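Overview (structure and organization)
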Amino acid sequence: MSAAPAGPEPDRLPPAAVPSADIAEQRLAQSIRTLRPPPGGPAGSPARGPAYLGQPVRADSNLTVARCLQLFDAQILSRHLDVAARWLRARGAGYYTIGSSGHEGNAGVAAVLRLTDPALLHYRSGAFYLVRAAQATPPRDGISDVLLGVVAASAEPIAGGRHKVFGHPELHVIPQTSTIASHLPRAVGLAFAIERSAKLGVPTPWPQDSLVVCSFGDASVNHSTAAGAVNAASYIAYQGLPLPLLLVCEDNGLGISVRTPPGWVAAALSGRPRVKYFRADGSDLADVFDTATAAAGWVREKRMPAVLHLRMVRLGGHAGTDVESSYRTPAELAADHDLDPLLGTAGLLVASGALTPADVLDRYEAAKARVLTKAGELAGAARLGAAADIMAPIAPRRPATVAANLAARVRQATNWPRHQVFGAQLPEDEGPLTLAQAINRTLADELAERPGVIVFGEDVARKGGVYGVTRGLLRAFGPGRVFDSLLDEQSILGLALGAGLAGLLPVPEIQYLAYLHNAADQIRGEAATLSFFSRAQYRNPMVVRIAGLAYQEGFGGHFHNDNGLAALRDIPGLIIACPARPDDAAAMLRSCLAAADIDGSVCAFIEPIALYHERDLYEPGDGAWLAPYEPPARWARTHVPVGRARVYGDGTDLTIITFGNGVRMSLRAAGTLAAQGIGCRVLDLRWLAPLPFEDLLRAAAASGRVLVADETRRSGGVSEGVITTLVDAGFTGRIARVASEDSFIPLGDAAAAVLMSQEAIEEAARDLLG
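Residues numbered from 1 in each chain as written. Predicted model: local features only at pLDDT ≥ 70, side-chain atom pairs only at ≥ 80, totals over all residues. Heavy atoms only, no water.

**Focus on the overall build of the protein**
Stated formally: Elements are defined by DSSP. Helices are runs of H or I of four residues or more, strands are runs of E of two residues or more, and each kind is numbered from the N terminus. Only C-alpha atoms enter the radius of gyration; for comparison, a globular chain is expected to reach 2.2 Å times N to the power 0.38, where N is the number of residues. Classification of residues uses two cut-offs on accessible area relative to the type maximum, computed with a 1.4 Å probe and protein chains only: under 20% is buried, over 50% is exposed, and between them is partly exposed. Residues are treated as being in contact if the distance between any of their heavy atoms lies within 4.5 Å. Positive charges come from Lys and Arg alone, negative charges from Asp and Glu alone, with His and the N- and C-terminal ends not counted. A charged residue contributes its charge at one atom only: NZ of Lys, CZ of Arg, CG of Asp or CD of Glu.
What the protein contains, in helices and strands, is 27 helices and 20 strands. Taken against the 2.2 N^0.38 rule, which gives 27 Å for 770 residues, the C-alpha radius of gyration of the protein at 30 Å falls within 12% of a compact globule. The C-alpha extent of the protein, read off along each of the three principal axes, is 105 × 55 × 50 Å. Out of the 770 residues in the protein, the part that is buried amounts to 58%. Counted over contacts in the protein with a minimum sequence separation of 6, partners at least 24 positions apart contribute 79%. Of the side chains in the protein, 71 bear a positive and 77 a negative charge, and the two mean positions are spaced by 3 Å.

Rendered as structure tokens:
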């Protein structure tokens with residue numbers, strides 16, 4: 001950050017700059033003054049010495065006086081951070097006012113966990129973060145971390161001002177910017193991956209006996225991602241698999257203005273098979289501390305999931321702009337004030353004789369001055385962050401680095417257990433392969449060479465995939481690395497998110513493209529955002545294999561022939577590969593895995609179902625769609641960089657730009673057109689994001705006439721991006737396109753009425769040249 005402008009001395013703000021106490025603060029102070037110390041009072045008592053500080057703050061609790069004092073300080077500081085955020089917003093210097101007021105009891109959860117327990121936190125976790133910051137060696141200044149996020153400063157240590165999040169790699173707090181509850185599947189995946197990594201001998205950033213803590217609000221319980229994650233945790237544990245996960249539901253009874261029915265959270269989260277349920281009063285720090293100790297102990301020792309349900313209150317509305325008096329009665333607001341966790345902890349300390357009410361208020365004011373002084377230093381200070389910094393995590397990939405990685409692996413090829421995997425016949429000796437076979441052999445090679453690769457999804461293990469693409473991998477590599485998942489795409493991708501975070505290289509399969517839409521936010525809102533909102537301090541590499549697109553001769557209808565890719569193509573930083581030929585599929589899958597391994601990339605690998613087992617191109621039996629498998633010695637030379645296209649032919653009359661199933665149709669159409677005296681070249685995009693910009697322009701310029709053959713829909717399809725790219729680059733030649741209709745794909749022969757065809761390509765080509 002740039003230096004703050006000249007102003008008040010660093011230890012205090014001018015009187016006019018200090019926010020005046022609001023009604024809630026005045027009521028809290030009044031309630032604190034009414035607290036009664038034990039008979040005789042604490043003043044001058046020898047009990048206030050070191051031995052006393054080690055005693056329980058309450059007879060039925062393991063929380064000591066000394067620890068309670070430390071946690072109370074974190075609670076007070078968290079409260080003042082909320083005040084400071086609204087004060088900064090009022091001055092035009094702050095950009096985030098969702099606070100933690102009323103949730104400060106989560107300090108007790110942080111206190112019983114280890115610094116090295118990865119935490120995925122709810123946005124009302126100010127006190128938790130401050131406690132975790134104090135656990136570091138040396139302690140971090142958690143106050144500055146939070147305030148720098150509020151003012152969107154580039155000096156903020158995790159997101160660099162891109163969003164207000166709780167996160168820091170030194171504190172093992174993984175930043176969450178998710179929509180409601182969408183971080184829960186990742187938490188399940190991370191807990192699974194910590195155990196699975198240990199089994200596979202793959203190092204992770206966390207000790208083997210770590211547990212994962214994930215907090216969320218009561219309204220989030222109703223979200224499908226939360227329901228799916230809790231179900232997945234139960235499902236995994238039910239099978240006897242270890243899952244050290246502590247789910248913390250901070251239940252304040254409200255989702256902005258919508259009330260959570262009393263008892264609903266307990267009903268939804270308790271009684272789940274193999275998931276232990278704990279409950280505590282979030283306003284009672286001793287209760288939170290003791291219950292969290294029991295819950296964390298259970299998870300750590302049993303390696304089984306648990307839910308910690310904390311009954312909280314929400315003070316001050318959902319955010320700074322929320323006028324909760326418009327939907328809550330004065331009696332309800334007053335009842336929440338009586339359950340203020342600051343008042344609860346003050347009552348503990350006063351009742352134990354550790355503090356007097358005056359001591360509490362002095363502590364409160366000292367914390368206020370500390371926070372507001374820092375806020376004052378930030379008010380009006382300029383934000384830093386050049387465009388290059390903002391774009392860093394989604395910068396172009398490093399093809400030279402990926403190619404070098406492949407070359408290095410060639411030199412190590414003799415060390416791979418390839419013969420153990422493939423037996424007497426290596427894939428390069430099998431002869432020409434289909435697309436499905438090429439993907440299968442590539443997965444096997446990658447599993448053999450990279451110990452962190454795991455392959456999973458619905459039906460991928462025992463069955464070997466619906467189309468046989470993963471056949472034999474379970475037998476070769478065992479259930480630790482190739483396994484079937486439950487039938488839930490959100491959980492499949494969540495598992496991948498956690499596995500990538502833990503140091504594994506996940507290759508999840510989504511059985512059909514249409515099924516991806518059930519869980520697209522796990523890619524859009526989770527996978528693609530982590531690197532950006534942590535400035536690449538955290539990453540979740542993965543290659544998501546997706547069987548998709550149409551042309552199965554009418555079989556299966558819409559859900560087995562989906563051709564919609566728009567939901568993927570606008571996600572920043574996401575690599576989208578769509579190989580058509582077997583040789584490209586092998587090389588591109590290796591490129592995706594290398595990009596994931598080296599750069600932490602998130603890749604969607606679209607596999608055209610109709611081409612899986614295709615053998616012929618022009619005539620039945622010609623075998624022209626098959627291709628040999630390249631041996632490791634040729635991988636570097638046959639490397640397909642991300643964002644590079646493939647050209648077929650050298651005709652100068654017309655350039656046909658296409659991908660996927662369109663490649664085979666376009667090559668067939670080009671053959672027909674050649675017989676009519678029209679010379680075509682066909683450009684296979686291969687990569688749908690990023691588009692092969694330079695190859696596009698070069699191929700377009702070679703003929704001056706471009707036909708885009710797009711098997712996706714006319715609206716939102718790939719052709720829109722291709723044509724826009726050409727126009728933006730100044731291409732002045734003639735452009736036309738043929739695409740599938742804006743329709744779902746019906747069953748049977750009716751599918752031909754809405755899908756792009758070879759005949760449509762030929763007709764559009766003649767029209768363009770006419």
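**Looking at the packing of helix α6 (residues 142–150) against helix α13 (residues 357–378)**
We count it as follows: Convention adopted: a line fitted to C-alpha atoms gives each axis, helices being fitted over their contacting stretch, and angles between N-to-C directions are expressed from 0 to 180 degrees. Small angles under 35 degrees read as roughly parallel and large ones over 145 as roughly antiparallel, with 65 to 115 read as roughly perpendicular and the rest as oblique. A clockwise turn of the near helix away from the far one marks a right-handed crossing, whereas an anticlockwise turn of less than a right angle marks a left-handed crossing.
Between α6 and α13, the shortest axis-to-axis distance is 10 Å and the interhelical angle comes to 40 degrees. Considering their axes alone, α6 and α13 lie oblique with respect to each other. Crossing of α6 over α13 shows right-handed handedness. Together, I143, S144, L147 and L148 of α6 and R370, V371, K374, A375 and L378 of α13 make up the contact between the two elements.

**Some details on empty space enclosed by the protein**
In plain terms, the rule: Lining residues are those with an atom within 4 Å of a point, where the points come from a 1 Å grid over the protein atoms alone and group into cavities, where a 1.4 Å probe fits but cannot get out, or pockets, open sets with protein on both sides within 12 Å along at least five of seven lines. Grid points are joined across faces, edges and corners, and a volume is the space filled by probe spheres set on the points. Think of it as three bins: nonpolar holds Ala, Val, Leu, Ile, Met, Phe, Trp, Tyr, Cys and Pro, charged holds Asp, Glu, Lys and Arg, and polar takes everything else, Gly as well.
This model, assessed by the stated rule, comprises five cavities of 30 Å³ or more. The calculated volume of the largest cavity comes to roughly 110 Å³. Forming the walls of the largest cavity are 15 residues, and the residues nearest its centre are D82, I98, G99, V146 and K164. Of all the secondary-structure elements, those providing two or more residues to the lining of the largest cavity are α3 (65–90) and α6. In terms of residue count, α3 provides more of the lining of the largest cavity than any other element does, four residues in total. When the residues that make up the lining of the largest cavity are grouped by side-chain class, the tally is eight nonpolar, five polar and two charged. Taken as a whole, the second largest cavity holds about 60 Å³ of empty space. Lining the second largest cavity are P175, Q176, T177, R186, G525, E526, T529, L530 and F533. In terms of residues, the lining of the second largest cavity owes the most to one element, helix α21 (residues 521–533), which gives five residues. Residue composition of the lining of the second largest cavity, by class: three nonpolar, four polar and two charged.

**Digging into the sheet that holds strand β12 (residues 542–548)**
The condition is simple: Pairs of strands are assigned from DSSP output, requiring at least two bridges between the strands.
With mixed pairing, the seven strands of this open sheet are ordered in space as β10-β9-β11-β12-β14-β13-β18. Of all the strands in the sheet, just β10 (482–484) and β18 (687–689) have a single pairing partner and so form its edges. Sheet twist, expressed as the average angle between the axes of neighbouring strands with direction ignored, equals 20 degrees. Sheet topology places strand β9 (residues 453–457) next to β10; three bridges connect them, and they run parallel. Along β10, the bridge assignment pairs F456 with F483. Contacting β9, β10, β11 (505–510), β12 and β14 (602–608), helix α17 (residues 435–449) runs over the sheet at an angle of about 135 degrees to β9.

**Considerations on the pairing of β12**
Taking burial as the measure, the seven residues of β12 include seven buried ones, the bulk of the element. By the alternation rule, side chains of β12 split into M542, V544, I546 and G548 and V543, R545 and A547, which are all buried. Sheet analysis places β11 next to β12, joined by two bridges and oriented parallel. Its bridge partner being in β12, I510 is matched across the sheet by I546.

**As for unusual backbone geometry**
The linkage connecting T137 with the following residue, P138, adopts the cis geometry, with an omega of -5 degrees. Checked against the element boundaries, P138 lands in the loop between α5 (126–135) and α6. Here A689 and P690 are connected by a cis peptide whose omega angle stands at -5 degrees. Tracing the chain through its elements places P690 in the loop between β18 and α25 (693–703). The phi angle at D459 is positive, at roughly 70 degrees, despite the residue not being glycine. With respect to the secondary-structure elements, D459 resides in the loop between β9 and α18 (473–477).

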